[in-house]
Amino acid sequence: MNIYYKSIFFLAASAFLGEMIEVLINMILARELGSHGLGLYMTILPSIFLLVLLSSFELQVSISKFVAERDRRYHRNILYHALTITIVFTSILFLAAAALIPFIPVFNAYHPYVRWLVLVLVPVISFTSVARGYFMGVQEMGKIAVSNFLRKSIQLVGLFILFRFFKFDAEASLLIAICALIGSEIVVFLYLFYLFIIQFQQLKRKPFSNMERKGVRKNLIAVSIPTTGLRLFSAIMNAVQPFVIKGALVYSGISSTLAIEQFGMLMGVAASIGFFPAFIAHSLMIVLIPAVSKTNSQKDYTTLQKMLQQVMTITLLYGIPAVVIFYFFAPELTSLFFKSDTSAIYLQLLWPFFLFHFFIMPMQAFLIGLDMLKELFFHIIWSTIISFAIILWLGSSHDWQMNGVIIGMNTGAVLLALMHYLTICKKIGVSIFMKGLVSEATER
């Protein structure tokens, strides 16, 4: 438990610095790209993240879970088979992406180099995921924290230098912003994989035990495939969401240009500010996956109940003050990007969306650690369907427009958080009011 708390603290502290840098990055992008350029940047990001997701094959989750559940003498064998899977999968995905990217229309509105630059992310993300998963599994969160901070720092420095000393037109500025993002991922890959090679060499010099190759690969794939499917669905929905929102707004009578600008203020300004405290939720998520997996493998439901109570308490302690600040100081916060009363209103209206997402992230880690991927998948499907339905219904109404979109986003977040929470409570034998029912959980 001491390692658990230290890991959370260390990750949260470094993530806080990272989020501070992220705000500076978005401020630079908002001022250099303008509202329309920022809207285009936020539109392409989900598509890039979709490729990142496919490239990772969620190996960081499956490896961290499997490593946490097994004795250290098996780690060398696990990593050997994980690398084999990664090499094969990366080769197939790279060739498939190279063949399909020229025909993906979403890249048509951007510089021709963009569609080829994103290909670099395939091997970079794949091998980074192996290293990240191992360090998560053995609770060496310091390396993860440094890599996260390094990514943001490189991106900020790159953007500052290029935009400070050079002048670019609108298309080139957008290309520079995307290059800075990809370049930061390459630096993280070089850092983490270098440390991983050193660690792997140390494991080779220690006593080890082999596991059946088929068993190792089966265990890794048993987590990677459903988790990738889950994340793939979410990534596809995130990639589709900008077009759903803009389509609904255009149908309501808003021009296409204004719809892009409003989406840029929604995601580039309001969401950037609102998700700032999520560095704590993300830190909890990283630590909880291996911690819950190990505790669940030992059938220690008492500890699981305590962990859930602690997660809920921590989230309430920072989540409520955060959304209160966002609500009452929205104009001052959004003015850091550019003067816009509209983005301040968006930030105020989205407080339920942000607050419940602070709960959703660690609860998703709980569900993964409890081997409840199927339940997690269905929760996300249902919440997304309902959220999109409300966005299309109210967002396309002339009377509601962006307010209707925000209602749909808020509804989806609240529904998803409640489904996660009720499922976890039932699994570990605790009531919705955090009263333990250990005997019932043990019987299950």
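The structure presented is a predicted model; accordingly, all values stated were derived computationally and were not measured. (Residues numbered from 1 in each chain as written. Predicted model: local features only at pLDDT ≥ 70, side-chain atom pairs only at ≥ 80, totals over all residues. Heavy atoms only, no water.)

Undergrad: What exactly am I supposed to notice about the overall build of the protein here?
TA: Per the secondary structure count, the protein includes 17 helices and zero strands. Over its C-alpha trace the protein gives a radius of gyration of 22 Å, about what one expects of a compact globule, namely 22 Å for 444 residues. In terms of overall dimensions, the protein has C-alpha extents of about 65 × 50 × 35 Å along its principal axes. For the protein, buried positions account for 57% of its 444 residues. Across the protein, every contact between residues at least 6 apart in sequence was considered, and the portion connecting residues at least 24 apart equals 81%. If the 32 positive side-chain charges of the protein are averaged to one point and the 20 negative ones to another, these points end up 11 Å apart. (Helix = DSSP H or I, 4+ residues; strand = E, 2+ residues; numbered from the N terminus. Rg over C-alpha atoms; globule rule 2.2 N^0.38 Å. Buried < 20%, exposed > 50% of the residue type's maximum accessible area, 1.4 Å probe, protein only. Contact = heavy atoms within 4.5 Å. Lys, Arg positive; Asp, Glu negative; His and termini not counted. Charge placed at Lys NZ, Arg CZ, Asp CG, Glu CD.)

Undergrad: Looking at this structure, I do not really get the packing of aromatic side chains. What am I missing?
TA: Both the distance between ring centres and the angle between the ring planes are used here to describe each pair of aromatic rings. Applying the stated criterion across every chain, the model contains 19 aromatic pairs. Ring centres of Phe189 and Phe193 lie 5.7 Å apart, and the angle between their planes is 25°; this geometry places the pair in the stacked category. Residue Phe189 and its partner Phe193 are located together in helix 7 (residues 170–204), separated by four residues, close to a single helical turn. Side by side, Phe189 and Phe193 carry an identical accessibility label, which is buried. Ring centres 5.2 Å apart and planes at 80° place the aromatic pair Phe275 and Phe354 in the edge-to-face group. Taken together, the residues Phe275 in the loop between helix 9 (256–274) and helix 10 (278–297) and Phe354 in helix 14 (residues 351–369) connect sequence positions 79 residues apart. According to the relative accessible area criterion, Phe354 is buried, its value standing at 0%. We note Lys143 situated over the ring of Phe135; from NZ or CZ to the ring centre the distance is 5.3 Å. (Phe/Tyr/Trp six-rings, centres within 6.5 Å; stacked < 30°, edge-to-face > 60°. Lys NZ or Arg CZ within 6 Å of the ring centre and 35° of its normal.)

Undergrad: Where do I start with the packing of helix 9 against helix 16 (residues 402–428) in this structure?
TA: When two helices pack together, their arrangement is captured by the angle between the axes and the distance separating the axes. The contact between helix 9 and helix 16 brings their axes to 12 Å, and the two run at 35°. The interaxial crossing formed by helix 9 with helix 16 has right-handed handedness. Across from Gln262, Phe263, Leu266 and Met267 in helix 9, the residues of helix 16 making contact are Met402, Ile406 and Met409. Of the residues belonging to the contact of helix 9 with helix 16, the class tally is six nonpolar, one polar and no charged. (Axes fitted to C-alpha atoms, helices over the stretch in contact; angles between N-to-C directions. Left-handed = near helix turned anticlockwise from the far one by under 90°. Nonpolar A, V, L, I, M, F, W, Y, C, P; charged D, E, K, R; others polar.)

Undergrad: Even after reading the chapter, I still don't get helix 14, so can you show me in this structure?
TA: Given 3.6 residues per turn, any residue in an α-helix points the same way as the ones three and four places further on. In this model, helix 14 (19 residues) spans 28 Å end to end at C-alpha, consistent with the 27 Å of a helix rising 1.5 Å per residue. Along helix 14, the helix axis deviates most sharply at His357, where the bend reaches about 25°. Count one or two residues on from helix 14 and you reach Asp371, which has phi positive near 60°. (Expected span 1.5 Å × (residues − 1). Bend = angle between axes of the 7 residues up to and from the residue.)

Undergrad: Explanation requested: the nonpolar core in the structure shown.
TA: Note that soluble globular proteins tend to have their nonpolar side chains buried in a common cluster. By size, the foremost hydrophobic cluster in this structure holds 152 residues, and its most contacted members are Tyr41 and Phe366. The leading source of residues in this core is helix 1 (residues 2–56), at 20 residues. Excluding residues that lie within four positions of it along the chain, Phe366 makes contacts with Leu288, Val292, Leu304, Met307, Leu308, Val311 and Ile424. (Core = buried A, V, L, I, M, F, W, Y, C linked by side-chain atoms within 4.5 Å.)

Undergrad: Explain the side chain of Lys152 to me, please; I cannot follow it from the model alone.
TA: For Lys152, the position within the fold is in helix 6 (residues 141–165). Of the residues examined, Lys152 reaches a relative accessible area of 18% and is grouped as buried. A distance of 2.7 Å separates the side chain of Lys152 from the side chain of Glu22, its partner in a polar contact. In contact with Lys152, not counting residues within four places along its chain, are Gly18, Ile21, Glu22 and Ile25. (Polar contact = N/O pair within 3.5 Å; in protein donor to acceptor, adjacent residues only side chain to side chain.)

Undergrad: Would you take a moment to explain a nonpolar patch on the surface for this structure?
TA: On the surface, a nonpolar cluster with roughly 780 Å² of combined accessible area is contributed by Leu316, Ile320, Val324, Ile325, Tyr327, Phe328, Phe329 and Trp351. Looking at the nonpolar patch element by element, the count peaks at six residues for helix 11 (residues 301–328). Secondary-structure assignment places Ile325 in helix 11. (Patch = residues over 30% accessible without salt bridge, like charges linked within 9 Å, V, L, I, M, F, W, Y side chains within 5 Å. Areas by Shrake-Rupley, 256 points an atom, 1.4 Å probe, with all protein chains shown as cover. Salt bridge = Lys/Arg side-chain N within 4 Å of Asp/Glu carboxyl O.)

Undergrad: Looking at this structure, I do not really get the pattern of salt bridges. What am I missing?
TA: Where side chains of opposite charge bring their charged atoms close, a pairing between them can arise. Tallying each qualifying case throughout the model produces four salt bridges. A salt bridge links Lys65 to Asp371; its shortest N-O distance comes to 2.7 Å. Highlighted residues: Lys65 in helix 2 (residues 59–69) and Asp371 in the loop between helix 14 and helix 15 (373–395), separated in sequence by 306 residues. Residue classification places Lys65 among the buried positions, given a relative accessible area of 4%. Measuring nitrogen to oxygen at the nearest pair gives 3.0 Å for the salt bridge that ties Arg151 to Glu185.

Undergrad: Looking at this structure, I do not really get the side chain of Lys246. What am I missing?
TA: By the element assignment, Lys246 lies in helix 8 (residues 213–251). Glu261 is the oppositely charged side chain nearest to the buried, salt-bridge-free Lys246, at an N-O distance of 12 Å. The residues contacting Lys246, other than those within four sequence positions of it, are Thr43, Ala259, Ile260 and Phe263.

Undergrad: What exactly am I supposed to notice about the confidence of the model for the protein here?
TA: When the pLDDT values of the protein are averaged, the result is 86; 96% of them are 70 or greater. Per-residue pLDDT stays below 50 along residues 438–444; that stretch engages in 13 contacts with residues further than four places along the chain or on separate chains. (pLDDT = per-residue confidence, 0-100.)

Undergrad: I keep staring at the environment of Ile44 and nothing clicks. Help me out?
TA: With respect to the helices and strands, the residue Ile44 is situated in helix 1. Separated by 62 residues in sequence, Ile44 and Val106 place their C-alpha atoms 7.4 Å apart. If sequence neighbours within four positions are ignored, Ile44 has contacts with Val106, Phe107, Tyr110 and Ile178.

Undergrad: Would you take a moment to explain the environment of Gln60 for this structure?
TA: Inspection of the secondary structure assignment puts Gln60 in helix 2. For Gln60, a relative accessible area of 14% corresponds to the buried category. When the C-alpha positions of Gln60 and Ser340 are compared, they lie 40 Å apart, and in sequence the two are 280 residues distant. Beyond its immediate chain neighbours, meaning those up to four positions away, Gln60 contacts Ser129, Arg132, Gly133 and Met136. Engagement of the side chain of Gln60 in a polar contact is seen with the side chain of Ser129, the distance being 3.3 Å.

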